[in-house]
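# Structural description and commentary
Okay, here's what each chain looks like letter by letter:
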Amino acid sequence: QVTMTYARNNLIKNMESESVTCQEHYINPLFTDFYQVTMTYAYWKAGRHSERSSFEAFFRKCPFKGEFAIFAGLDEVIQFIREFKFTRYQIDYLQTQLPHAEKEFFEWLGTLDTSEMIVKGIPDGTIVFGNQPLLSIEGPIAIVQLIETPILNLINFASLICTNAARMNIRSGDVKCIEFGLRRAQGPNGAMTATKYSYVGGFDGTSNVYAGMLYGIPIAGTIAHSFIMSFESEDDVKDHRTLNGVDVLLRAREFRDELMWTNTIDSELFSFVSFGCSYPDNFLCLIDTFNTIESGCKNFLLVALVLAELGYKPKGVRLDSGDLAQLSKDCKKLFTETGAKYGFDLSQITVTASNDINEATIVQLNQAGHQIDVFGIGTNLVTCQAQPALGMVYKLVQIEGKPRIKLSEDKEKVLIPGQKKVFRVFEDDVPSFDIM
């Protein structure tokens, strides 16, 4: 307990100092397992650090009990290798962990770079299969060994996320998929990786604003329950109820009387009026705060009718609870019937559905004949709940031109020795099979 308390205090002290970089810079030469460092010293001590070696990264089994994976992360591997360089501060730290090592070793670490390294990788977003070399790295054995852990870290989760997204996207068919997982991801780095590579895997956008700025991914969002719940009385709308000279709240109430929807929740209507006046061209509301159809959908339509009269096109609703398939059909029916009554075509109004959606949920919704236009998928996408790790490995296959093999009582773990190449055979522009 004393040791743990000391460690925590030391961590807090270091976090407050300038020596600790932000999370964006975690990927550096020290972002590795300690045994990579101990092996590097042993190679150097034996004078073998410059021997030419080849390592290959691959996985043995396709994830999610499927038949394929999507490779991703090559871009970040290349960036990491290009920028690989120990800082003085990092070397000083290693000296405290290897106190017996000669000063010449640390001087040599300071000169390490990747100029003698050859990197071959499959492009991001490519369909791949088990036991294929996805990444081949050739160079002096010490440095090629030293980068094993960060290389695997950069491609394991990226490929898993990309595959998960692709599978969900395939199941969704024509329904768009938006990544909603920022708040549920495993830390900032996990969130940014998930957003970036779910987009590579076929998703159409994200709620993650920072990722939108960094990567050019379209961002999307509407309102939360808290916005709706913040309204209680008409006074909360204040003067923000007029659009193009029309009192939106007054006109919405007139529609409500005509339609005899007098049981809708007033406070919810107030919030929709306020939001509609803020975003008349992008009016999309969460409608399950109180009662999805009898209040939420109807209150949305009351404001939507006013906007339609003014020449705007209401965008859509979001469902976040209940029987999503049935509710989507009920909403669409109400859109059509209400629009027809007033001579408006409201067929463009979309239904977005969220609430713990995963691949199995999408299949069930398809079977139920849903009328959802957009899936908002968060937790099950970014955490890869169905399989949280891919199991990519990085193995020595050749040294000084001589193949190397790892044997095992587990046949699946017997290594195919030597450098390998993969050829993809196409027939009539359609991929048919691979040859390794």
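These figures come from a predicted structure and were not determined experimentally. (Residues numbered from 1 in each chain as written. Predicted model: local features only at pLDDT ≥ 70, side-chain atom pairs only at ≥ 80, totals over all residues. Heavy atoms only, no water.)

Let us look at the sheet that holds strand S3 (residues 118-121). In sheet architecture, strand pairing relies on hydrogen bonds along the backbone and comes in two forms, parallel and antiparallel. Spatially, the 5 strands line up as an open sheet ordered S3-S5-S1-S14-S15, and their pairing is antiparallel. Each edge of the open sheet is held by one strand with a lone partner, namely S3 and strand S15 (402-403). Docked against the sheet, helix H7 (residues 148-172) engages strand S1 (52-58), strand S5 (135-140) and strand S14 (393-399), running at close to 130° with respect to S14. (Pairing = 2+ DSSP bridges. Helix = DSSP H or I, 4+ residues; strand = E, 2+ residues; numbered from the N terminus. Contact = heavy atoms within 4.5 Å. Axes fitted to C-alpha atoms, helices over the stretch in contact; angles between N-to-C directions.)

Let's shift gears to the nonpolar core. Counting residues in hydrophobic clusters, the biggest one holds 116 residues, and the most contacted among them are Ile147, Ile151, Phe300, Phe335 and Phe375. At 11 residues, the largest contribution of residues to this core is made by H7. Those residues in contact with Phe335 that lie beyond four places of it in its chain are Cys297, Phe300, Leu301, Val317, Leu346, Ile349 and Val351. (Core = buried A, V, L, I, M, F, W, Y, C linked by side-chain atoms within 4.5 Å. Buried < 20%, exposed > 50% of the residue type's maximum accessible area, 1.4 Å probe, protein only.)

Strand order in the open sheet formed by 6 strands is S7-S6-S13-S12-S11-S10, with parallel pairing between adjacent strands. Of all strands in the sheet, those bounded by a partner on one side alone are strand S7 (205-206) and strand S10 (284-286). In terms of strand pairing, strand S6 (residues 176-179) meets strand S13 (residues 374-377) through 4 bridges, oriented parallel. Considered in S13, the bridge of Cys177 is made with Phe375.

Across 5 bridges, the pairing between strand S16 (residues 423-427) and strand S17 (residues 430-435) is antiparallel. Paired with Glu427 across the two strands is Val430, which belongs to S17. Where S16 folds back on S17, the antiparallel hairpin that results is connected by 2 residues, among which Asp428 adopts a positive phi of roughly 55°.

When two helices pack together, their arrangement is given by the angle between their axes and by how far apart the axes lie. Contact geometry for helix H11 (residues 248-259) and helix H12 (residues 266-278): axes closest at 10 Å, N-to-C directions at 130°. On the basis of their axis angle, the class for H11 and H12 is oblique. Here the hand of the crossing between H11 and H12 comes out right-handed. Residues Val248, Leu249, Ala252, Arg253 and Arg256 of H11 lie in contact with H12, whose contacting residues are Asp266, Leu269, Phe270, Val273 and Cys277. (Parallel < 35°, antiparallel > 145°, perpendicular 65-115°, else oblique. Left-handed = near helix turned anticlockwise from the far one by under 90°.)

Per-residue pLDDT for the protein averages 94, and the proportion of residues at 70 or more is 94%. Low pLDDT, under 50, characterises residues 18-23; the predicted model gives this stretch 6 contacts beyond four residues in sequence or across chains. (pLDDT = per-residue confidence, 0-100.)

As a further point, take the state of the cysteines. Counted under the stated rule, the structure contains 0 disulfides. In this model Cys285 remains outside any disulfide bridge; the closest cysteine sulfur is found in Cys297, 11 Å from its own. Sulfur of Cys384: no disulfide; nearest cysteine sulfur belongs to Cys162 and is 10 Å away. Take Cys384: its relative accessible area is 0%, and that puts it in the buried class. (Disulfide = S-S within 2.5 Å.)

Here the focus is the pairing of strand S11 (residues 316-319). Where burial is concerned, the two faces of S11 agree: the one with Gly316 and Arg318 and the one with Val317 and Leu319 are both buried. Sheet topology note: the S10/S11 ladder contains 3 bridges and is parallel. Note that in S11 the partner of Leu286 across the bridge is Arg318. Remark: the S10/helix H13 (residues 292-309)/S11 crossover connection has right-handed handedness. Both S11 and strand S12 (residues 350-353) contribute to a ladder of 4 bridges, which runs parallel. Within S12, the position partnered with Val317 by the bridge is Val351. (Right-handed = clockwise from strand over helix to strand, strands pointing away.)

Under the definition given, this model contains 20 salt bridges. A salt bridge links Asp247 to Arg241, with the shortest nitrogen-to-oxygen separation between them at 3.1 Å. Look at Asp247 and you get partly exposed, because its relative accessible area is 24%. A salt bridge links Asp266 to Arg256, with the shortest nitrogen-to-oxygen separation between them at 2.9 Å. With Asp266 in helix H12 and Arg256 in helix H11, the pair connects residues that are 10 residues apart, well separated along the chain. Classification of Asp266 as partly exposed rests on a relative accessible area of 35%. (Salt bridge = Lys/Arg side-chain N within 4 Å of Asp/Glu carboxyl O.)

What follows concerns the side chain of Gln387. Within the fold, Gln387 resides in the loop between helix H16 (379-382) and S14. There is a polar contact of 2.8 Å between the side chain of Gln387 and the backbone oxygen of Ala389. Not counting residues within four places of it along the chain, the set of residues in contact with Gln387 comprises Pro63, Phe64, Lys65 and Leu160. (Polar contact = N/O pair within 3.5 Å; in protein donor to acceptor, adjacent residues only side chain to side chain.)

Time to look at the packing of helix H2 (residues 34-45) against helix H5 (residues 103-111). Close contact between H2 and H5 brings their axes to 11 Å; oriented N to C, the two are set at 110°. On the basis of their axis angle, the class for H2 and H5 is roughly perpendicular. Facing H2, whose interface residues are Thr40, Tyr41 and Trp44, H5 presents Glu104, Phe105 and Trp108. Each residue belonging to the contact of H2 with H5 can be placed in one class, and the counts come to 4 nonpolar, 1 polar and 1 charged. (Nonpolar A, V, L, I, M, F, W, Y, C, P; charged D, E, K, R; others polar.)

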